[in-house]
Amino acid sequence: MQTVILAAGEGTRMRPLTEAVPKPMLPVADRPLCAHTADAAVEAGASELIFVVGYEADAVREYFDDEYRGVPVSFAVQREQRGTADAVRAARDRLDGPFAVLNGDNIYDPESVANLFEAAPSIAAIEVETPENYGVLSTDGAGERVTGIVEKPDDPPSTLANAGAYAFPEAAIEWLDVGESERGEYEITDVVSKAIKAEAVTPVTLTRWLDVGRPWELLAANEWKVGELERRIDGEVRGGSELRGDVVIEAGATVEPGVVIEGPAIVRSGADVGPNAYVRGATLIGENCHVGHGVEIKSSVLMSGTNVPHLSYVGDSLLGQDVNFGAGTQVGNLRHDGEHVEQTVKGERVSTGRRKYGVVAGPGAKTGINTSLAPGLVLSANARTAPGESVTRDR
Ligand code: TTP
């Protein structure tokens with residue numbers, strides 16, 4: 001089945017991490033986020049991958065080129081982000097039969113996507129505890145047919161949320177011309193509404209699914225995918241270090257003496273860890289990063305070119321590209337009252353739902369020596385802190 005992957009989003013809720021990289025290209029374990037979406041499609045038997053790109057499109061094009069894991073790849077451009085139906089419409093000329101649509105910022109378990117393809121026309125659903133925060137599906141009594149879809153209802157008809165994956169019949173190519181929604185977008189849920197009227201659409205319940213919209217969801221994505229890696233030591237590991245469990249050291253990476261890494265963890269090509277560093281939790285040390293002497297990194301993502309060279313603690317945090325933490329920088333990742341850590345997303349204070357959560361540092365941010373950073377703090381791209389500063393407000 002031809003599979004359209006929506007990857008034109010700007011990822012505004014993920015800022016500042018998306019300032020240099022579009023959201024679908026943010027790192028999750030050993031590949032970009034939307035490559036995991038593509039993996040699920042490939043493993044489910046996709047015949048072609050059509051990426052809809054817009055914001056920072058070149059990064060997506062360069063990564064996938066014209067083939068991914070033996071499946072032909074092409075691109076369609078959505079110039080303005082005018083909604084998910086508008087995005088699929090950008091790919092319309094390439095469609096010539098039944099087709100699937102997946103969100104390029106969602107991670108699906110491949111088996112469920114295979115079930116979705118098999119059950120076409122179908123829509124992926126996930127059981128949630130707070131359906132009022134999602135698009136919610138209603139089904140017939142037997143739960144075999146979708147009878148309606150409603151966005152964030154006050155009175156949800158079920159606990160089945162729309163998981164943003166669809167297998168449409170060929171006729172849906174004509175149904176993409178939907179009207180503008182209340183929020184001024186052209187929405188794929190309106191295409192689904194047309195499909196429900198015309199055909200029997202099957203709800204396919206996913207066993208695992210993650211929508212990656214906000215920074216802590218990128219941590220969750222890494223917990224999932226770093227957690228699936230199998231031990232592989234291709235880089236240089238110097239004597240006197242200890243790699244426990246499922247640790248991946250890519251070719252071209254170096255682990256110096258005195259380092260302890262507790263898997264699952266991945267150290268990507270060109271990175272240099274140690275001497276005497278401690279890495280644990282589901283951690284990604286990105287390409288060309290340096291983690292130096294006396295540094296502990298726990299359950300964190302360090303994007304490419306980032307340095308934490310001396311005597312620092314980084315826990316449950318996301319450091320963008322080319323961040324530099326001065327010696328002695330300490331990240332707080334737990335509130336004294338034990339409550340969930342909050343973060344400001346697009347000007348709004350939001351609970352991350354995590355008791356342990358550190359900081360987000362935008363690309364190019366630099367901290368002075370002995371900086372302390374409060375839990376949930378966001379440093380914008382190229383932010384600076386002074387030596388000895390205790391930073392408790394976003395900057
Ligand atoms: P969203 O997560 O709603 O949008 P976004 O990715 O831009 O993020 P944010 O809200 O933080 O700015 O989009 C869901 C998926 O659909 C995502 O994979 C991006 C894609 N998309 C498009 O390709 N074109 C569009 O016009 C829209 C609205 C979304």
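Treat the numbers as computed from the prediction; the structure is a model and nothing was measured. (Residues numbered from 1 in each chain as written. Predicted model: local features only at pLDDT ≥ 70, side-chain atom pairs only at ≥ 80, totals over all residues. Heavy atoms only, no water.)

Undergrad: Before we go on, may I ask you to explain the domain arrangement of the chain in this structure?
TA: How big an interface is tends to be stated in terms of accessible area lost as the parts join. As far as domains go, the chain holds domain 1 (2-213) and domain 2 (225-391). The C-alpha centroid of domain 2 is placed 31 Å from the C-alpha centroid of domain 1. Taken together, the 15 residues of domain 1 in the interface contact 22 residues of domain 2. A per-residue breakdown of the area domain 1 buries against domain 2 is headed by P16, L17 and A29, which together make up 41% of the total. Summed over the shared surface of domain 1 and domain 2, the number is zero salt bridges. Linking domain 1 with domain 2 are two residue pairs in polar contact (both at pLDDT 80 or more). Taken together, the residues of the side of domain 1 that touches domain 2 sort by class into nine nonpolar, two polar and four charged. (Domains from an automatic or database assignment. Contact = heavy atoms within 4.5 Å. Buried area = accessible area lost by both parts, 1.4 Å probe. Salt bridge = Lys/Arg side-chain N within 4 Å of Asp/Glu carboxyl O. Polar contact = N/O pair within 3.5 Å; in protein donor to acceptor, adjacent residues only side chain to side chain. Nonpolar A, V, L, I, M, F, W, Y, C, P; charged D, E, K, R; others polar.)

Undergrad: How should the UniProt feature "domain: Nucleotidyl transferase" (unreviewed entry) in the chain be read in this particular structure?
TA: Residues annotated by UniProt as "domain: Nucleotidyl transferase" (unreviewed entry) correspond here to residues 3-223. As annotated, residues 3-223 comprises 25% helix and 29% strand, and the C-alpha atoms at either end are separated by 26 Å. (UniProt positions renumbered as here; feature names shortened; annotations may be inferred. Helix = DSSP H or I, 4+ residues; strand = E, 2+ residues; numbered from the N terminus.)

Undergrad: I tried to follow the nonpolar core on my own but got confused; where do I start?
TA: Soluble globular proteins tend to bury their nonpolar side chains together. Ranked by size, the top nonpolar core spans 67 residues in total, and within it L49, F51, F64 and L218 carry the most contacts. For this core, the domains that each give at least three residues are domain 1 (2-213) and domain 2 (225-391). Leave out the neighbours within four places in its chain, and L218 touches M14, L17, L26, P27, V28, V212, M303 and L318. (Core = buried A, V, L, I, M, F, W, Y, C linked by side-chain atoms within 4.5 Å. Buried < 20%, exposed > 50% of the residue type's maximum accessible area, 1.4 Å probe, protein only.)

Undergrad: It is not clear to me how unusual backbone geometry should be interpreted in this structure. Could you clarify?
TA: Note: most residues except glycine have negative phi, and most peptide bonds are trans. In this chain, R15 is followed by P16 through a cis amide linkage whose omega measures 5 degrees. Residue placement: P16 occurs in the loop between strand 1 (2-7) and strand 2 (27-28). A cis geometry characterises the amide bond from G263 onward to P264, with omega recorded as 5 degrees. With respect to the helices, strands and loops of the structure, P264 is situated in the loop between strand 20 (260-262) and strand 21 (265-267). In this structure, N288 is a non-glycine residue whose phi angle is positive, near 60 degrees. Mapping N288 onto the fold places it in the loop between strand 24 (283-285) and strand 25 (290-293).

Undergrad: What exactly am I supposed to notice about helix 5 (residues 188-198) here?
TA: Residues spaced three or four apart along an α-helix point in a common direction, a consequence of the helix completing one turn every 3.6 residues. All buried positions along helix 5 are accounted for by I188, T189, V191, V192, A195 and I196. Buried residues of helix 5 fall within an arc of 150 degrees about the axis and therefore sit on the same side. Along its buried surface, helix 5 packs onto helix 3 (84-90), strand 7 (99-103), strand 9 (122-127), strand 11 (146-151) and strand 12 (160-168). (Arc of directions from axis to C-beta.)

Undergrad: Can you help me understand helix 6 (residues 215-226) in this one?
TA: Its 12 residues place the ends of helix 6 16 Å apart at the C-alpha level, agreeing with the 16 Å of an ideal helix rising 1.5 Å per residue. The buried fraction of helix 6 is high, at 11 of 12 residues. Where helix 6 is concerned, the buried positions are P215, W216, E217, L218, L219, A220, A221, N222, W224, K225 and V226. (Expected span 1.5 Å × (residues − 1).)

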